[in-house]
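Below, each chain spelled out in residue letters.
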Amino acid sequence: MLRKFGGYRLDDPEGEVGLEVLFVQDFSGLLPVLYQVPLSYRGAPLEGAEHALVGTTEHGVLGTRWVYDATADPVFAAAFVDLLVGRSRAQHQSTSNTEEPRVTATTLGPAGHVRLVSHEVLTGEQSNTSLLCTLADTSGQPLAPIMVKLFRVVSPGENPDVVLPAALSAAGSPNVPLVFGYVAATGLPGVDSLLTHTVPPSMAPDLYHLAFAQELITGAEDARRVAVRVAGDGVSFAAEAREAGAATAEIHRTLAQAEPVVVPDDAARTRIVADLRARAATALTEVPALATRSDVAAAVEATLDAVAALPAERWPLLQRIHGDYHLGQVLRAPSGTWAVIDFEGEPLRPLSERVLPDLALRDVASMLRSFDYAGGSARVAGADPEQVRVWVEEAQAAFLAGYADSPGRQEAPATGGEIGLDDPLLRALLLDKALYEAVYEARNRPDWLSIPLSAIDHLLDQSDIPPKTDHNGGPDDVVPTPDERS
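One structure accompanies this document, and this report is about it. This structure is a prediction, so every number in the text was calculated from the model and none was measured. (Residues numbered from 1 in each chain as written. Predicted model: local features only at pLDDT ≥ 70, side-chain atom pairs only at ≥ 80, totals over all residues. Heavy atoms only, no water.)

### Notes on the overall build of the chain
Then, number 1: Broken down by element type, the chain carries 13 helices and 15 strands.
Then, number 2: When the 486 residues of the chain are sorted by exposure, 51% land in the buried category.
Then, number 3: Looking at the chain alone, contacts between residues at least 24 apart form 69% of all its contacts between residues at least 6 apart.
Then, number 4: Roughly 21,100 Å² of accessible area belongs to the chain as shown, and the carbon and sulfur atoms make up 53% of that amount. (Helix = DSSP H or I, 4+ residues; strand = E, 2+ residues; numbered from the N terminus. Buried < 20%, exposed > 50% of the residue type's maximum accessible area, 1.4 Å probe, protein only. Contact = heavy atoms within 4.5 Å. Areas by Shrake-Rupley, 256 points an atom, 1.4 Å probe, with all protein chains shown as cover.)

Shown next, in the form of structure tokens:
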């Protein structure tokens, strides 16, 4: 069941196109979901936007109106940029010439003297829509393009995909694209209380982030495609991986300075270990190749017992992290700088979990697993398995070295300033990630199950899980990790 309960309008300076953003609740699941639905209303069909046509409606005065998903409408894109730069304000949905004070924009980039030249809607996203916007100043001089991300599913509380890049950008981090601005709503009337009942007051339960914009790094390529290409060619990725490790450490260090850092108490440590055990139990039950292996179950239990037995002083501080870190989230700029994007965390986890301080080593483990998936892509495309194994291990070691050697990095007491695969926490987090991947592949892509199974086998010092190399894809396939597909 869907229920519309409000929204806001944007003005078309020409007065020809109606622009409206609806807030709609979906009650079909266990908990209601809040959607943001942008619509544009036109008096004639919009050429080239047939794919975005929602339908037609009859207006008592204006006659037939063609209704579109507004993200495809250039008038909406221009009006939204005007909102972001402070040249216009959100308007009340039902009262003419009245601002909607509950919807506001915060401008961090150029204010006022910016206009939209053109825009393109990117495809393939599930919980948001990204608009690539080409800009110019009021004199017509081209400006750096921006990416506007409009959240289709919105949740109460501060969205990490807004808060964390903004904090990093404000701190002058060279490893995130500059944040241009964002749009938020407060005090939305009629939102069902079930949306907010799990959100603590510290998470600003009355706040909803609706959209944000970052600079677009032109000419950049995501590190996953670069890594797969060079892995297949047998070209070392060690220098790049080391630089990526240093960039990761810089981001963690800056976040630890900009956002609260927490000493893990007994409850926090118990929660983390319990989560690791629960995910392991799911994998050992659902994945047939693991369910029949009592030796694997015993080794997993021993690995997690080692983490549970760590004394409090050997646990690192908890802080805000990326939360969904892999090579596809890292861009290589033409200047050679690494830029990290998409800080929303695992999109299937509730926001109340994604904003909790966590182990920075979780990001490290996720990236190490991503190197393994890049190698898996190269292997199934025909690269020599032994060559790929050496490539993966070299890249992983270089990433760890770059992370550990970065000046001022928050060090985990358990490692004495060094990070290695023998660190109990890192090993447990690597195992947790590989088990999560095994569940995903068993459910969705059994042909790729050999990648996480081989990693689990290696981590637990087993040798009798045979590698599986059959695959139905072609040589141009790039294997995304499960997180990249969620």
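Having seen the model, we can carry on.
### Regarding the packing of aromatic side chains
Then, number 1: Evaluated as defined, the whole model comprises seven aromatic pairs.
Then, number 2: A ring pair is formed by Tyr-8 and Phe-23, whose centres lie 6.0 Å apart and whose planes are at 45°; its orientation type is tilted. Remark: Phe-23 occurs in strand E2 (residues 18-26) and Tyr-8 occurs in strand E1 (residues 2-10); sequence separation between them is 15 residues.
Then, number 3: Classification of Tyr-8 by relative accessible area gives buried; the value is 0%.
Then, number 4: Residue Phe-23 is classed as buried on the basis of its relative accessible area, which comes to 2%.
Then, number 5: For the ring pair Phe-76 and Phe-80, a centre distance of 5.6 Å and an interplane angle of 35° mean the geometry is tilted. A residue pair is termed a helical-turn pair when its members lie 3 or 4 positions apart in one helix, as Phe-76 and Phe-80 do in helix H1 (residues 74-84) at four residues. (Phe/Tyr/Trp six-rings, centres within 6.5 Å; stacked < 30°, edge-to-face > 60°.)

### Thoughts on empty space enclosed by the protein
Then, number 1: Evaluation of the coordinates by the stated rule reveals two cavities of 30 Å³ or more.
Then, number 2: Each pocket or cavity is described by its volume, and for the second largest cavity that value is around 40 Å³.
Then, number 3: Looking at the second largest cavity, the residues that line it are Thr-248, Ile-251, His-252, His-322, Tyr-325, Val-340, Phe-343 and Asp-363.
Then, number 4: The biggest single contributor to the lining of the second largest cavity is helix H4 (residues 238-258), with three residues. (1 Å grid on protein atoms, 1.4 Å probe; cavity = no way out; pocket = protein on both sides within 12 Å on 5 of 7 lines; lining within 4 Å. Points joined across faces, edges and corners; volume = space filled by probe spheres on them.)

### Comments concerning a nonpolar patch on the surface
Then, number 1: Taken together, Val-261, Val-263 and Leu-317 make up a surface patch of nonpolar side chains, about 230 Å² in accessible area.
Then, number 2: Mapped onto the elements of the fold, Val-263 is located in the loop between H4 and helix H5 (266-286). (Patch = residues over 30% accessible without salt bridge, like charges linked within 9 Å, V, L, I, M, F, W, Y side chains within 5 Å. Salt bridge = Lys/Arg side-chain N within 4 Å of Asp/Glu carboxyl O.)

### Side note on helix H3 (residues 223-233)
Then, number 1: Listed in full, the buried residues belonging to H3 are Ala-223, Arg-224, Val-226, Ala-227, Val-228, Val-230 and Ala-231.
Then, number 2: The backbone nitrogen of Arg-224 has a side-chain oxygen 3.0 Å away, supplied by the residue at the start of H3, namely Asp-222.
Then, number 3: Following H3 by one or two positions, Gly-234 adopts a phi angle in the positive range, close to 75°. (Polar contact = N/O pair within 3.5 Å; in protein donor to acceptor, adjacent residues only side chain to side chain.)

### Observations regarding the sheet that holds strand E13 (residues 221-222)
Then, number 1: The strand order E13-E14-E15 describes an open sheet built from three strands, whose pairing is antiparallel. The open sheet terminates on both sides in strands that have one partner only, identified here as E13 and strand E15 (338-340).
Then, number 2: Bridge count between E13 and strand E14 (residues 330-332): two bridges; the pairing is antiparallel. Bridging from a neighbouring strand, Glu-221 pairs with Arg-332 of E14. (Pairing = 2+ DSSP bridges.)

### Things to note about unusual backbone geometry
Then, number 1: In this structure, Asn-97 is a non-glycine residue whose phi angle is positive, near 55°.
Then, number 2: Here Asn-97 is to be found in the loop between H1 and strand E6 (103-107).
Then, number 3: The backbone of Asp-342 sits at a positive phi, close to 60°, despite the residue not being glycine.
Then, number 4: Here Asp-342 is to be found in the loop between E15 and helix H8 (351-354).
Then, number 5: The partly exposed category is assigned to Asp-342, whose relative accessible area is 25%.

### As for the nonpolar core
Then, number 1: Ranked by internal contacts, the top residues of the largest apolar core, which has 77 residues, are Phe-237, Leu-290, Val-300, Phe-371, Trp-391, Phe-399 and Ile-456.
Then, number 2: With ten residues, the top contributor of residues to this core is helix H11 (residues 424-444).
Then, number 3: In this structure, Val-300 is in contact with Ala-280, Leu-284, Leu-431, Leu-435 and Leu-460, ignoring residues within four places of it in sequence.
Then, number 4: If you look at the next biggest cluster of nonpolar residues, it comprises 41 residues, including Phe-5, Phe-23, Leu-34 and Ala-211. (Core = buried A, V, L, I, M, F, W, Y, C linked by side-chain atoms within 4.5 Å.)

### As for the pattern of salt bridges
Then, number 1: Under the defined criterion, the tally for this structure stands at 24 salt bridges.
Then, number 2: Put simply, Glu-243 and Arg-332 hold a salt bridge, and the shortest N to O gap is 2.8 Å. Within this pair, whereas Glu-243 is found in helix H4, its partner Arg-332 is found in strand E14, the two being separated by 89 residues in sequence.
Then, number 3: The exposure class of Glu-243 is partly exposed, given its relative accessible area of 37%.
Then, number 4: Under the relative-accessibility criterion, Arg-332 is labelled partly exposed at 22%.
Then, number 5: One salt bridge connects Asp-372 with Arg-369, and the closest N-O pair in it is separated by 2.7 Å. Of this pair, Asp-372 and Arg-369 both sit in helix H9 (residues 360-380), three residues apart, which is roughly one turn of that helix.
Then, number 6: Ionic contacts of the salt-bridge type, sharing partners, join the residues Arg-279, Asp-358, Arg-362 and Asp-432 into one network.

### Side note on the packing of H3 against H9
Then, number 1: The geometry of H3 relative to H9 is characterised by a closest axis approach of 8 Å and an angle of 50° between their N-to-C directions. Judged by the inter-axis angle, H3 sits oblique to H9. Regarding H3 and H9, the two cross each other, and that crossing is right-handed. Residues Ala-227, Val-228, Ala-231 and Gly-232 of H3 lie in contact with H9, whose contacting residues are Ala-374, Ser-377 and Ala-378. (Axes fitted to C-alpha atoms, helices over the stretch in contact; angles between N-to-C directions. Parallel < 35°, antiparallel > 145°, perpendicular 65-115°, else oblique. Left-handed = near helix turned anticlockwise from the far one by under 90°.)

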